[in-house]
Structure formats: C-alpha cells, structure tokens
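Each chain, written out:
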Amino acid sequence: MYEWIFAIQKMIDRIDDNAVNNPTLDEMSRVIGYSPYYCSMQFHRIAGMTLKSYIAKRRLCMATLAVRDTDRGITDIALEFGFSSQSALTRAFKEAYGCTPASYRKKPIPIPLSMKKIIVSPSHYIEKGDLTMGNIVLPSHHMEYIPSHKYLGVYKRSITKNGEIWPWHDCDLLCGIVSSFNFSHPVVGGHTAGWAWKNGKRSYFYGAGVETDYNGEIPEGFELRGEFPGSYYLVFTHPPFDYLSENGEVMKRVEDLAWNFDPTALGYKWNEDVCQDYQRHYPEGLGYQVLRPVIKIV
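Structure report, in brief. (Residues numbered from 1 in each chain as written. Predicted model: local features only at pLDDT ≥ 70, side-chain atom pairs only at ≥ 80, totals over all residues. Heavy atoms only, no water.)

In terms of regular secondary structure, the protein is built from 10 helices and 11 strands. Here the C-alpha atoms of the protein give a radius of gyration of 21 Å, agreeing with the 19 Å that 2.2 N^0.38 yields for 298 residues. Taking the principal axes of the C-alpha coordinates as reference, the protein spans close to 65 × 50 × 30 Å. Counting the 298 residues in the protein, one finds 47% classified as buried. A sequence separation of at least 24 residues applies to 73% of the contacts in the protein between residues at least 6 apart. Roughly 15,000 Å² of accessible area belongs to the protein as shown, and the carbon and sulfur atoms make up 52% of that amount. Of the side-chain charges in the protein, 32 are positive and 33 negative, and the distance between the mean point of each set is 5 Å. (Helix = DSSP H or I, 4+ residues; strand = E, 2+ residues; numbered from the N terminus. Rg over C-alpha atoms; globule rule 2.2 N^0.38 Å. Buried < 20%, exposed > 50% of the residue type's maximum accessible area, 1.4 Å probe, protein only. Contact = heavy atoms within 4.5 Å. Areas by Shrake-Rupley, 256 points an atom, 1.4 Å probe, with all protein chains shown as cover. Lys, Arg positive; Asp, Glu negative; His and termini not counted. Charge placed at Lys NZ, Arg CZ, Asp CG, Glu CD.)

Listed below in structure tokens is the structure:
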C-alpha cells in the first residue's frame, strides 16, 4: 500500500508539472511501471476521484488563477489549459463557481479552487521508518508586531453547499477557498491558522487575516472576526525543514516551547483575551511558527 501511495503522489506531481502538455495515462503508467488500467484503478481508489476528473479540476484551477492574476485574453487562457474554446471554459467555470470568467475577473470572489492533492503525509514516513531528522534544531523565539486586522476563517465544522468544511489542513475544500483569496492582510496572510481561547481552552481555526475595512463576501462556513488591535507577539520558530520526514518533531518542539513559555521573564504577559494566537506552517520556506500575543506588564 505504501508503495502505491507514493506512486500515485508521483502521478499527481507529474500532472501538476505538465498540465498544459496534456499528460496521458500511458505516459504516466510507463513512469510508474504498472499497466495503465492498474494505475487508473489505484488512482481512483487512493485519490478518491478518477484521473480524468482530477486533471480537469486542476486545469480549471490553473485557468482560474490565470483569469484572476493576468490580463491575458480569456480565449488564450482557455486554449492553453486544454479547453476547446472560451465557451467550454465558461461552461466549466459556471458549473464549478456559479459565475463566468469575465465576471470573476472584474470582481474576484472566494471560490472553491481545486488545489493539488497531497496524499503522502508525514505519518507514511514514520510508519516506513524513513526519517532523516537532518534539519531539526532547537526552536527559538523573537518579538514581532502585527498591526490591527480582522480575520476571515473557519472556526468549527459545518456543512456547506460545496461539502463539509472544517478548520484543518487536510480539508481540500477549505484550502481551495482560502487560496482563492486575493485580499489577505499583508502580515496575517492566507493560510495563517491559529487558536482562539475560551474558558481556558484553545480551539483551532483556519483562514486568513484581512484589513480592518474589509466588507467583501464571507464564504459559507466562514466567520469574520475582529477587529483585533495591533499587538506585539512572541514568535516561537523553527527554520525550514523537510515536511515529510521532520514535520511531527518540529511541530512538537515549537509547540512545547510556545505553550510552556513564561513571558513575565521578559516583562510581558499574555494578551490572548484580546488577540488570537497564530500559526505559520510553511516547511520548505519559512519553517514553522507559533505566535502568541503579549502586552507589557505595567
């Protein structure tokens, strides 16, 4: 089973790297080393959808981002990403998002983008015993100021018209909607998650910070909270690491430091009755950070 999980992830990687070149099942089966039929069957079983459906969803996602982020002609975008015409792209757009590419370009709204599937998780490496631990160091901390903002995110499990949504990283629907945001706060950006405190207990949330004057659409299942005032945060951090082999240990080390730290030694106290805690999780870029708000002890 492990070998097939890694094989299907290899197919997914190849699809995303070559989506505009019309990758075929025959080509990918030769790379994997199994028959096209067996690759197709295992893809459906492990990824939860047919290979054809996955390629179509990823092409639509890539075309959507090109519509949003470039001024290229919609016909040119349609043809580049495998649609036979602008009309074909428009039909797919309306079926997936309820709007046309032209209207979306004029006013981008949160939509359920189909993001790249990640089916290989750190647990697969742990179970195989294939751990390197070559990049792990002791976590450190520093101070950072975050200006006032609001937060648009998912705080609880709920059912939406697009499917079930909840505040965890492995929710494809949630990640797709957050990835479609083009209005995130410059510091509390997209995919900045965190924890809210209530009655001494933490609860997890996922989404993005937004400016205090945000008055745009609130996607189904999301909440707009704040305004959270500007505050200093103690940032507990680990530098970039290998996600698959080192993620669990890095997160444990950073969170052990963050949740057991005494800020009074620095002349501060926690400010979590006013501001939220935040989490930045970008293993190969930033690394892993937990941010807890503090206020100076008078």
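Right, picking up where we left off after that structure.
So, on to the pattern of salt bridges. For the structure on display, the rule yields 12 salt bridges. The closest approach of N and O atoms between R58 and D16, which form a salt bridge, is 2.5 Å. Of the two residues, R58 sits in helix 4 (residues 51–69) while D16 sits in helix 1 (residues 2–17), which places them 42 residues apart along the sequence. (Salt bridge = Lys/Arg side-chain N within 4 Å of Asp/Glu carboxyl O.)

This part takes up the nonpolar core. I165, L174, F181 and F222 are the most contacted members of the largest nonpolar core, which totals 33 residues. Examining the composition of this core, we find that 5 residues originate from one element, helix 9 (residues 172–179), more than from any other. Those residues in contact with I165 that lie beyond four places of it in its chain are V154, K156, R157, S158, T160, C171, L173, L174, I177, G221 and F222. Core analysis: the second largest hydrophobic core is formed by 21 residues, C61, A63, L89 and Y97 among them. (Core = buried A, V, L, I, M, F, W, Y, C linked by side-chain atoms within 4.5 Å.)

Packed helices, taken two at a time, are described by their axes: the angle between them and the distance between them. Packing of helix 4 against helix 6 (residues 86–97) brings their axes to within 11 Å, and their N-to-C directions diverge by 100°. Judged on the interaxial angle alone, helix 6 and helix 4 are roughly perpendicular. Where helix 4 abuts helix 6, its residues L60, C61, A63 and T64 lie against L89, A92, F93, A96 and Y97. In terms of residue class, the contact of helix 4 with helix 6 is made up of 8 nonpolar, 1 polar and no charged. (Axes fitted to C-alpha atoms, helices over the stretch in contact; angles between N-to-C directions. Parallel < 35°, antiparallel > 145°, perpendicular 65-115°, else oblique. Nonpolar A, V, L, I, M, F, W, Y, C, P; charged D, E, K, R; others polar.)

So, on to the environment of C275. With respect to the helices and strands, C275 occurs in the loop between strand 9 (268–270) and strand 10 (277–282). When its relative accessible area of 3% is taken as the criterion, C275 is described as buried. For the pair formed by C275 and S231, sequence separation is 44 residues and the distance between their alpha carbons is 7.8 Å. Setting aside chain neighbours within four positions, we find C275 in contact with F228, P229, S231, Y233 and P293.

This part is about the packing of aromatic side chains. Taken as a whole, this structure holds 21 aromatic pairs when the rule is applied. Members of the aromatic cluster, connected to one another through ring pairs, are Y151, Y155, F205, Y233 and Y278. Sitting over the ring of W259, R202 keeps its end group 3.8 Å from the ring centre. Positioned above the aromatic ring of Y155 is the side chain of R225, whose terminal nitrogen or guanidinium carbon lies 3.6 Å from the ring centre. (Phe/Tyr/Trp six-rings, centres within 6.5 Å; stacked < 30°, edge-to-face > 60°. Lys NZ or Arg CZ within 6 Å of the ring centre and 35° of its normal.)

Here the amide bond leading from G226 into E227 is cis, since omega sits at 25°, within 30 degrees of zero. Positive phi values are uncommon outside glycine, yet H191 reaches one of about 65°. Along the polypeptide, H191 turns up in the loop between helix 9 and strand 5 (193–198). Positive phi outside glycine occurs at N199, with the angle close to 55°. The class of N199 is exposed, set by a relative accessible area of 74%.

Interpretation in functional terms is not warranted from these geometric data alone.
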